[in-house]
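Spelled out from the first residue to the last, the chains are:
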Amino acid sequence: MPTEPLLVAEHLRLSFGATTALEDASVAVHAGEVLALMGPSGSGKSTLLHCLGGILHPDAGRVTYAGRDLTAMHDSERSALRRSELGFVFQFGQLVPELTCLENVALPLRLNGASRRAAHRSASAWLERLEVLDVAAKRPGQVSGGQGQRVAVARALVTRPRVVFADEPTGALDSLNGERVMQLFVAAARETGAAVVLVTHEARVAAYSDREAVVRDGRVRTVEYAR
Ligand SMILES: Nc1ncnc2c1ncn2[C@@H]1O[C@H](COP(=O)(O)OP(=O)(O)OP(=O)(O)O)[C@@H](O)[C@H]1O
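Residues numbered from 1 in each chain as written. Predicted model: local features only at pLDDT ≥ 70, side-chain atom pairs only at ≥ 80, totals over all residues.

Looking at the overall build of the protein
Within the protein, the regular secondary structure consists of seven helices and ten strands. In summary, the protein has a C-alpha radius of gyration of 17 Å against a globular reference of 17 Å for 227 residues, a match within 12%. In terms of principal-axis extent, the alpha carbons of the protein reach across some 45 × 40 × 40 Å. Pairs at least 24 residues apart make up 70% of the contacts formed inside the protein by residues separated by at least 6 positions. (Helix = DSSP H or I, 4+ residues; strand = E, 2+ residues; numbered from the N terminus. Rg over C-alpha atoms; globule rule 2.2 N^0.38 Å. Contact = placed C-beta atoms within 7 Å.)

And the structure:
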């Protein structure tokens, strides 16, 4: 494990009106590691994940990515960083329904300036890697939940991000499907060297992580090496 973490959250505080979601949350993510955020419902896991990924802005505290202060960046700078170096896999609604699965996976590359041909070539390779090349021409509404999640994983990894964030990535799947998605996801992330930060309730999903952080009452209480 390298000594310098890639992504660091320090003393994050964030409230939604009268609800304090994060109280004093600190956690570090190392390059290439898989970190699971666990803990009771409403403890602040998703909020922490969104702060780490630069989607939510904390009221206090700091998030540093590769030595750069995410919390101090302009929105445009943070969006550019998100597009090029971070990937996201969410449980629902992440695929564009009007596009085919192939076009969905190609989209981040197109947004980063790749030609249609190059983007489609990479997207095909990623769909194959996730064992869903057969649904390339279908729209998200025409595929199963498990296939959709694999397409979403392909889309998150296609830009070869340094960190991929996943919020309950297998939450809507049965255990067999969930298991396979996690296997493919973690193997692909390890192959590209991406770190993974995932929120999960399920011990069998957390079993794919290198470390588990337990979030309680808006704080990261314990961080342990898994296995
Ligand atoms: N957009 C929002 N507006 C208002 N309150 C919110 C919002 N997002 C989260 N909260 C509140 O902040 C607290 C932490 O929510 P968060 O979603 O981070 O918890 P969680 O640990 O991910 O929960 P779960 O495991 O149920 O998904 C909860 O009390 C939640 O109700």
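So, helix α6 (residues 175-192)
Between its first and last C-alpha atoms α6 spans 26 Å; for 18 residues at 1.5 Å apiece the expected length is 26 Å, and the two agree. Turning to α6, its buried residues are Gly178, Val181, Met182, Phe185, Ala188 and Ala189. Looking down the long axis of α6, one finds its buried residues gathered within 145 degrees of arc, a one-sided arrangement. For α6, exposure combined with an orientation more than 90 degrees from the buried face picks out Leu176, Gln183, Ala187 and Glu191. Its buried side turned inward, α6 meets β3 (34-38), α4 (116-129), α5 (145-157), β7 (163-167), β8 (195-199) and α7 (203-206). Directly after α6, the chain includes Gly193, whose backbone phi takes a positive value near 80 degrees. (Expected span 1.5 Å × (residues − 1). Buried ≥ 20, exposed ≤ 12 C-beta atoms within 10 Å, placed from the backbone. Arc of directions from axis to C-beta.)

Details of the site of the ligand
Taken together, Phe16, Thr19, Ala21, Gly39, Ser41, Gly42, Ser43, Gly44, Lys45, Ser46, Thr47 and Val199 make up all the residues around the ligand. Those elements that provide at least two residues to the shell around the ligand are β2 (19-29) and α1 (45-52). The leading source of residues in the shell around the ligand is α1, at three residues. Looking at side-chain class alone, the shell around the ligand contains three nonpolar, eight polar and one charged residues. (Near = placed C-beta within 6 Å. Nonpolar A, V, L, I, M, F, W, Y, C, P; charged D, E, K, R; others polar.)

Description of the confidence of the model for the protein
Model confidence for the protein is summarised by a mean pLDDT of 91, while 97% of its residues fall at 70 or above. By mean pLDDT, the top-scoring element of the protein is strand β1 (residues 7-16) (97), and the lowest-scoring one is strand β10 (residues 219-225) (84). (pLDDT = per-residue confidence, 0-100.)

A look at the nonpolar core
Residues Leu37 and Val197 are the most contacted members of the largest nonpolar core, which totals 65 residues. Take this core: its biggest share by element is six residues, from α5. Dropping the residues within four chain positions of it, Leu37 is found in contact with Lys45, Leu48, Leu49, Val197, Leu198, Val199, Ala213 and Val215. (Core = buried A, V, L, I, M, F, W, Y, C linked by C-beta atoms within 7 Å.)

Observations regarding the environment of Gly54
Relative to the assigned elements, Gly54 resides in the loop between α1 and β4 (60-65). Judged by the 21 C-beta atoms lying within 10 Å of it, Gly54 is buried. A C-alpha to C-alpha distance of 21 Å links Gly54 and Asp217, two positions 163 residues apart in sequence. Setting aside anything within four residues of it in sequence, one finds Gly54 in contact with Leu70, Arg78, Leu81 and Arg82.

Regarding the sheet that holds β7
Read across the sheet, six strands follow the order β6-β7-β8-β3-β9-β10 without closing on themselves; strand pairing throughout is mixed. The sheet terminates laterally at β6 (86-89) and β10, the two strands that pair on one side only. Strand-to-strand twist in this sheet, taken as the mean axis angle between neighbours without regard to direction, amounts to 20 degrees. One ladder, built from four bridges, connects β6 with β7; its direction is parallel. By the bridge assignment for β7, Val89 is matched with Ala166. Contacting β6 and β7, α5 runs over the sheet at an angle of about 170 degrees to β6. (Pairing = 2+ DSSP bridges. Axes fitted to C-alpha atoms, helices over the stretch in contact; angles between N-to-C directions.)

Quick notes on the sheet that holds β2
Reading across from one edge, β2-β1-β4-β5 is the order of the four strands in this open sheet, with antiparallel pairing throughout. Of all the strands in the sheet, the pair left with one neighbour each is β2 and β5 (68-69). For β4 and β5, the ladder comprises two bridges, and the chain directions are antiparallel. The partner of Thr64 across the bridge, within β5, is Asp69.

Some thoughts on the packing of helix α3 (residues 101-111) against α4
α4 packs onto α3 with a crossing angle of 125 degrees between their chain directions and a minimal axis gap of 8 Å. Comparing the axis directions of α3 and α4 gives the class oblique. For α3 against α4, the interelement crossing comes out right-handed. Of the residues in α4, those in contact with Cys101, Leu102, Val105, Ala106, Leu109 and Arg110 of α3 are Arg116, Ala119, His120, Ser122, Ala123, Ser124, Trp126 and Leu127. Its residues placed into classes, the contact of α3 with α4 shows nine nonpolar, three polar and two charged. (Parallel < 35°, antiparallel > 145°, perpendicular 65-115°, else oblique. Left-handed = near helix turned anticlockwise from the far one by under 90°.)

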